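Inside the fold
In case you want the letters, here they are:
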Number of protein chains: 2
Amino acid sequence: MDGHSPRPQQRLRTLEREGSHNLDIESMDGGGGGDWRQNGSAAALLRYDDSGSGRGSVREPLLRKRTLNTTSQIAIVGANVCPIESLDYEVVENNLFKQDWRSRKKKQIFQYIVMKWTLVLLIGLLTGIVGFFNNLAVENIAGLKLLLTSDLMLKQRYFTAFFAYGGCNLVLASAAAAICAYIAPAAAGSGIPEVKAYLNGVDAYSILAPSTLFVKIFGSILGVSAGFVLGKEGPMVHTGACIANLLGQGGSRKYHLTCNWLRYFKNDRDRRDLITCGCAAGVAAAFRAPVGGVLFALEEAASWWRSALLWRTFFTTAVVAVVLKGLIEFCRSGKCGLFGQGGLIMFDLSSTVATYSTPDLIAIILLGVIGGIFGGLFNFLLDKILRVYSIINERGAPSKILLTMTISVITSMCSYGLPWLAACTPCPVDAMEQCPTIGRSGNYKNFQCPPGHYNGLASLFFNTNDDAIRNLFSNGTETEFHMSSLFIFFIAIYCLGLVTYGIAVPSGLFIPVILAGATYGRIVGTLLGSISDLDPGLFALLGAASFLGGTMRMTVSVCVILLELTNDLQMLPLVMLVLLISKTIADNFNKGVYDQIVVMKGLPYMEAHAEPYMRHLVAGDVVSGPLITFSGVEKVGNIITALRITGHNGFPVVDEPPLAEAPELVGLVIRSHLLVLLKGKMFMKERVKTSGSFILERFGAFDFAKPGSGKGLKIEDLNFTDEEMEMYVDLHPIANTSPYTVVETMSLAKAAILFRALGLRHLLVVPKTPDRPPIVGILTRHDFVPEHIHGLFPSLNPHKFHSTSMGG
Amino acid sequence: MDGHSPRPQQRLRTLEREGSHNLDIESMDGGGGGDWRQNGSAAALLRYDDSGSGRGSVREPLLRKRTLNTTSQIAIVGANVCPIESLDYEVVENNLFKQDWRSRKKKQIFQYIVMKWTLVLLIGLLTGIVGFFNNLAVENIAGLKLLLTSDLMLKQRYFTAFFAYGGCNLVLASAAAAICAYIAPAAAGSGIPEVKAYLNGVDAYSILAPSTLFVKIFGSILGVSAGFVLGKEGPMVHTGACIANLLGQGGSRKYHLTCNWLRYFKNDRDRRDLITCGCAAGVAAAFRAPVGGVLFALEEAASWWRSALLWRTFFTTAVVAVVLKGLIEFCRSGKCGLFGQGGLIMFDLSSTVATYSTPDLIAIILLGVIGGIFGGLFNFLLDKILRVYSIINERGAPSKILLTMTISVITSMCSYGLPWLAACTPCPVDAMEQCPTIGRSGNYKNFQCPPGHYNGLASLFFNTNDDAIRNLFSNGTETEFHMSSLFIFFIAIYCLGLVTYGIAVPSGLFIPVILAGATYGRIVGTLLGSISDLDPGLFALLGAASFLGGTMRMTVSVCVILLELTNDLQMLPLVMLVLLISKTIADNFNKGVYDQIVVMKGLPYMEAHAEPYMRHLVAGDVVSGPLITFSGVEKVGNIITALRITGHNGFPVVDEPPLAEAPELVGLVIRSHLLVLLKGKMFMKERVKTSGSFILERFGAFDFAKPGSGKGLKIEDLNFTDEEMEMYVDLHPIANTSPYTVVETMSLAKAAILFRALGLRHLLVVPKTPDRPPIVGILTRHDFVPEHIHGLFPSLNPHKFHSTSMGG
């Protein structure tokens, strides 16, 4: 699509060039996909981009093409099959389908329910298995690497050990970066922002494509094994969403894996529901926290929520929990190589005392404040670093791989080099664990120390991240780590976490954040050891909570995940207090890290609330022309021209004399339905209104169903003779005759709320006064984007943009 | 209001006469309260009632007056104070307040946030304390009663014992019924349906009035102590909601307990948020299940949900958990009389084996099926019994008390008489507890048996309900209960649970349902003892889950509550499976019990989805006249007449020549704002449009705020001279100029979704074609009620009404 002509927005930098390239492919792939062009807003887009580049780079979206949602808003299938109403798309109210749905209902509802639960079950099963497989692979690869290095160190061949360690890391890192850069650039990063945007209605195909799934799974395994300071939790969420999408869109047509019953899920809403389940399953698999997974999906991922969804996500996460439990039990018998206790962080703090006094509370408040400040700073710095990285990543796959390799070398040097700074400590006499640790993981790493001694810093650095977290959280080990070790570790992890996120490897933020938070929590705990009765392990947990609250701004889900990890409800009030404080403080500085990345990637995410400046505008203010409308019975040539020269996805249909007495709005037709209709070639010689039924008899109900992502018809696929171009086609049968409308004088804030609450794709603006054409314009998601509005009205207070929502 | 003139709907029976009387008081109390009359639908209401009585009693709402929502939809306060957008009410877009909010913002936002968290904290604290107090009182009163009876029985004075036991029960029951019948009839029953309806937008004052709170607390204590088969869980939810409402509406003006900072909460949305927190706190206090409480509020109570709410409810429930924990620790030392282990059901099944085989799974599926069938049957029978009771309760307070006393005597006879049917069992040698139990509660009740023996049936009947549940759930006691005992207990509890619910006592359904479910679960477990490895206590838990799923149709919240009670996550998949099956089966028969009661009480609850038949109608079909509109500058006399003769709460304002060139819709004014404006008496001699600002200067922003429930201005309070009646008033300043509108040809289903998703009170219907008046009518909640639509269109398939939502 870029090939057509140079466009002004090419001047904008891209965060990930291949990412946007990938999006291009998708938008060329079908009218139903994520076409960036907007109905009635082509002119506005240009204006927006001009003003954008005039305003300096900070406000520019980094992806060249915003992947605006432009998919079908008419789900004929959903409407026929079951009495589930649209949240997101609209129901065709035409007669043919009205007669249809009653007779079909019983059988179809049965198929629908069976299929729904089967899919949900499958999502749980597959995500659980993938989650386990991920852990198994990481533990074995990283374990082998660490064993090899340890062996060399025992022989005092320190340089060889370093080269072996660094070499392994480098190879793994390059492999991860290579598959990510060449196969699926969309798989880089956490994936949570993208999934969040998808569930908000931003329908970009590549986000959940099969290739993304593949790279996400293997890239994550390689990345984590490579010793980077990154986690597999975010990628697991993305993996779960990809699995759900793949299952929901009916397998793959290419491999003949489709199922006829799956046709019911060919609509936005059901697909989004499944992906929400996938997200929950991902969290459940990553943390073994079924309830936490549900709450994560509810709090962070989903934009529209219903009780039914609660139940389904919960079922999925329960399946995940069962699968994981079964597989881990299987591995207990030692059949899984180096799996050991499993890489799933799991620690039991229930033995610690959970009574607390006033000094403890002050310490906890202090932790909250620290978490808020560090969290806000982390988000700020991450934003800056991602902007620098985007310049590097833009240069192509080799640059990406090079960047990844550089970071890998730095990480290896830190994790191998820094432990040398720590002095050897004699093993405690009353150690509950083996000291020094023989083998792979453990609290007391020998490293360079003589027998009977351990290196505290190596226990943290020279370990998998999961083991490091477990060590930090361990209780009854007050004196294990020197203060200096903890300080060094904190600074290193904080910086490495920042520089690692933007590289071309699937990388979660949970683990670095938990690591850094737990470290400063332990520092505070150790400093206050004399005053407080609480265990430093407990302080580490609270520190992790505070930093999670400060960066991600999630609350309940983080709280429940931590509680499920620690298996102790007694901690609830303390964790909540810390989260509340850190989130409140950090909210004064900037947005949550995921929201920030969504904005930076230029994904047009719609908040549930309208921004304050929208109150000063009306719907008519932001509508921008030229508007293309069709007549109720339109000449085929006109339609084809309109489809070819614009990228609009919705066209108002207006009946004009002689079809009606006065110009009258019939409804809205969308591109994908027009293409199906045109393909059927039911054209007429005369401009007359038909009953419509003979046209629709040609089509089955599922012809108009939403195609699998990126798979619909394209205008380029259709060929017409000159004779056909001169004929007419009746658009009444496929028009959505009940589009949602607002009067042009409606407050923009209220229009935005309507648009968001009902999950619309197009909102028609009608004139307030008579004697004018019956339609003023169409509002799409794009028209509510702050940058667009600011482009139109530069006088509006700019610091109102990106205002954070207040008061939690 | 009934006194005005006899109305057709008086023919309808009332479920609770005093209940509706109470609603009358409230609706007379202020225009902002729950006035039953509807804008533009007076005629329709008559039609509806006629058709209703013509259709036989089954479809009739049992409350004479539906407490339709008619409160303010314009929350000036919310709009000024903070950038929180309306879900439910609409923002006034006029100039005065636009200038205002920027300058005020900082300080007000601070006050708002501080106050919000203070309120949430207070709700948690108070609900926790009330919950504990409730338990303490019940345990002491019921404990004394049981001790007294046991003493008499030990002396073999069985008849005296019965009279003492029955007498105590009777006195307690009468007291409960008396305060309920005379002080607050709205406090009878569970309260969950009413709170659910309130959170859906049905704004009936008495539901959450202080008197209701008082009766709910003490009535519940007396009722539970009286040995009825009812629980305190539902009432606790209602109590939490009442506490939240009382705090949110700014204390009580009467007792000078108001706080200036509380004025920010004088809008629908914040009040509803607080009440959602109250609900969650109630569940948390009843079951000591903080996460379960949040999920209950999310799944069952709230109609609109946001992430911010999640966090606030969670904070509330955490506070409740802390308060309860502290108070129970305090009581451990024995300072709380007979409190003992506390009446909060709590049992630990974690010692049981949680591995299961195929026969176990079959048994669990069987339990699910049984639960579904029994649950559906329970709901069906409860519906019938409530209809019979409504005839009795209608006759006045004495009838109510008499009915309660009858049920009390029957209950006493059952719980004292039926244990005599059971044979005495020798105490097991390896009993983990004292046998027979000396004192109040325990597994092995001595009853009439000789020393060294116990009466299994008495352990269930002759105990508090909480102790009976604990006994049923106890593990390692496979042979404690004879099969015959369990059968007798199940039948008795099932029937008593049914006949108890409708009496004039605060009565929860959780406990009877858990009791009955646990009993048949234990029966199944005992029957399958030879095949299955699972403990009968575990089966009892699963039985309780299946029956809860079958009656209440809650899923995740029940699941999490049970898990939090048993403190064992291993049970998760089993509980989910059972719930899934029982809910699916029972959904084929009827609605959940709370939904059923909502329908029966005639509360116009709006489902999130539209009913299928609504697709066949358009918005214009259900709009009914006569419509009263005002001119932009209207004669005072006309306004006063309209306010006096109708009960409408929203009036469209139309500018006509000479004020505009053609008739043009200005917006919507609501009754409460009109009354404030009229009270200000800013009238003009001439019919001219003003700038509006001088009018609004007279008023503070909070003059238009939503008053405390049932406290607003009334038209009867205002007096006008004849001269004033002839003057004009400019309605432009107070008109909501951005009302949500739909075109008359909009599908009714989609209009309903719009109405529900945005939480509207009025939806304007505009004409499709020009050359007609700019407004066709107003849709209110009432116009979407199935009975109303069916009254207008009897040809629509009636069995489509009350269709259950499909597929969970």
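Fair warning: this is a prediction, and the values are worked out from it, not measured in the lab.

As for helix 8 (residues 233-248) of chain B
Taking 1.5 Å of rise per residue, the 16 residues of helix 8 of chain B would be expected to cover 22 Å, and the 22 Å separating its terminal C-alpha atoms lies within 8% of that figure. Of all 16 residues in helix 8 of chain B, 15 are buried, a share of seventy percent or more.

Details of the sheet that holds strand 6 (residues 664-670) of chain A
Neighbouring strands of a sheet are bound in pairs by backbone hydrogen bonds; such pairs are parallel or else antiparallel. All names here are of chain A. Taken in spatial order, the 3 strands line up as 3-5-6 in an open sheet, and their pairing is mixed. What marks the edges here is a single partner per strand, and that holds for strand 3 (630-631) and strand 6. As paired elements, strand 3 and strand 5 (residues 650-655) share 2 bridges and run parallel to each other. For S631, the partnering residue across the bridge sits in strand 5 and is V654. Against the sheet, helix 24 (residues 671-680) engages strand 3, strand 5 and strand 6, with an angle of about 85° to strand 6.

So, the sheet that holds strand 10 (residues 777-779) of chain A
All names here are of chain A. Strand order in this open sheet of 3 strands is 8-9-10, and the pairing throughout is mixed. Strands with a single pairing partner mark the edges of an open sheet, and in this sheet they are strand 8 (741-743) and strand 10. Here the average twist between neighbouring strands, direction ignored, is 35°. In this sheet, strand 10 lies alongside strand 9 (residues 763-766) in antiparallel orientation, the contact comprising 3 bridges. Directly across from L763, in strand 10, lies its bridge partner L779. Along the sheet, helix 27 (residues 748-757) makes contact with strand 8, strand 9 and strand 10, crossing strand 9 at roughly 150°.

Description of the pattern of salt bridges
Residue and element names in this part refer to chain A. Tallied over the entire structure, the rule returns 28 salt bridges over all chains. Between D587 and R553 there is a salt bridge; the shortest N-O distance is 3.2 Å. Linking D587 in helix 20 (residues 572-587) with R553 in the loop between helix 18 (536-552) and helix 19 (556-566), this pair joins segments that are 34 residues apart in sequence. You can call D587 buried: its relative accessible area is 17%. The network of salt bridges with common partners includes K196, E300 and D595.

Regarding the nonpolar core
Most often, soluble globular proteins have nonpolar side chains that are buried together. Ranked by internal contacts, the top residues of the largest apolar core, which has 301 residues, are F314 of chain A together with F314 of chain B. Residue contacts for F314 of chain A: discarding those within four places in its chain leaves V291 and V294 of chain A together with V556, C559, V560, L572 and M576 of chain B. The next biggest cluster of nonpolar side chains, apart from the first, holds 56 residues, and it includes Y613, A749, L754 and V765 of chain A.

Re the pairing of strand 6 of chain A
Residues and elements named next belong to chain A. Within strand 6, 6 of the 7 residues are buried, which leaves the element mostly enclosed by the surrounding structure. Pairing analysis gives 6 bridges linking strand 5 to strand 6, with the strands arranged antiparallel. Note that in strand 6 the partner of F651 across the bridge is V669.

As for a nonpolar patch on the surface
A cluster of nonpolar side chains, L121, L122, L125, L126 and I129 of chain A, forms an exposed patch at the surface whose accessible area comes to about 350 Å². Within the secondary structure, L121 of chain A is located in helix 4 (residues 95-154).

Some remarks on the packing of aromatic side chains
Remark: the centre distance and the inter-plane angle together describe each pair of aromatic rings, the angle taken between the planes. On inspection of all chains with the given rule, the structure shows 53 aromatic pairs over all chains. An aromatic cluster of three or more residues is present, and its members are Y158, F162, F163, Y165, Y416, W420, F447 and F462 of chain B. The ring centre of W304 of chain A lies 5.3 Å from the NZ or CZ of R756 of chain A, which sits over that ring.

Considering the UniProt feature "domain: CBS" (unreviewed entry) in chain A
Feature annotation in UniProt assigns "domain: CBS" (unreviewed entry) to the following positions: residues 735-795 of chain A. Structurally, residues 735-795 of chain A comprises 28% helix and 16% strand, and the distance from its first C-alpha atom to its last is 39 Å.

A short note on empty space enclosed by the protein
All names here are of chain A. Under the criterion given, the structure shown has 19 cavities of 30 Å³ or more. Roughly 250 Å³ of internal volume is contained in the largest cavity. What lines the largest cavity is a set of 29 residues, and nearest its centre among them are G227, F228, N463, T464 and N465. Where the lining of the largest cavity is concerned, the elements lending two or more residues are helix 4, helix 7 (210-225), helix 13 (397-417), helix 14 (456-461), helix 15 (465-473), helix 16 (483-501) and helix 17 (510-527). With 4 residues, helix 4 is the single largest residue contributor to the lining of the largest cavity. Approximately 190 Å³ is the volume found for the second largest cavity.

Details of the side chain of S747 of chain B
All names here are of chain B. Positionally, S747 belongs in the loop between strand 8 (741-743) and helix 27 (748-757). Classification of S747 as buried rests on a relative accessible area of 2%. Polar side-chain contacts of S747 include one of 3.2 Å to the backbone nitrogen of A749.

Cut-offs applied
Residues numbered from 1 in each chain as written. Chains lettered and ligands numbered in written order. Predicted model: local features only at pLDDT ≥ 70, side-chain atom pairs only at ≥ 80, totals over all residues. Heavy atoms only, no water. Helix = DSSP H or I, 4+ residues; strand = E, 2+ residues; numbered from the N terminus. Expected span 1.5 Å × (residues − 1). Buried < 20%, exposed > 50% of the residue type's maximum accessible area, 1.4 Å probe, protein only. Pairing = 2+ DSSP bridges. Contact = heavy atoms within 4.5 Å. Axes fitted to C-alpha atoms, helices over the stretch in contact; angles between N-to-C directions. Salt bridge = Lys/Arg side-chain N within 4 Å of Asp/Glu carboxyl O. Core = buried A, V, L, I, M, F, W, Y, C linked by side-chain atoms within 4.5 Å. Patch = residues over 30% accessible without salt bridge, like charges linked within 9 Å, V, L, I, M, F, W, Y side chains within 5 Å. Areas by Shrake-Rupley, 256 points an atom, 1.4 Å probe, with all protein chains shown as cover. Phe/Tyr/Trp six-rings, centres within 6.5 Å; stacked < 30°, edge-to-face > 60°. Lys NZ or Arg CZ within 6 Å of the ring centre and 35° of its normal. UniProt positions renumbered as here; feature names shortened; annotations may be inferred. 1 Å grid on protein atoms, 1.4 Å probe; cavity = no way out; pocket = protein on both sides within 12 Å on 5 of 7 lines; lining within 4 Å. Points joined across faces, edges and corners; volume = space filled by probe spheres on them. Polar contact = N/O pair within 3.5 Å; in protein donor to acceptor, adjacent residues only side chain to side chain.

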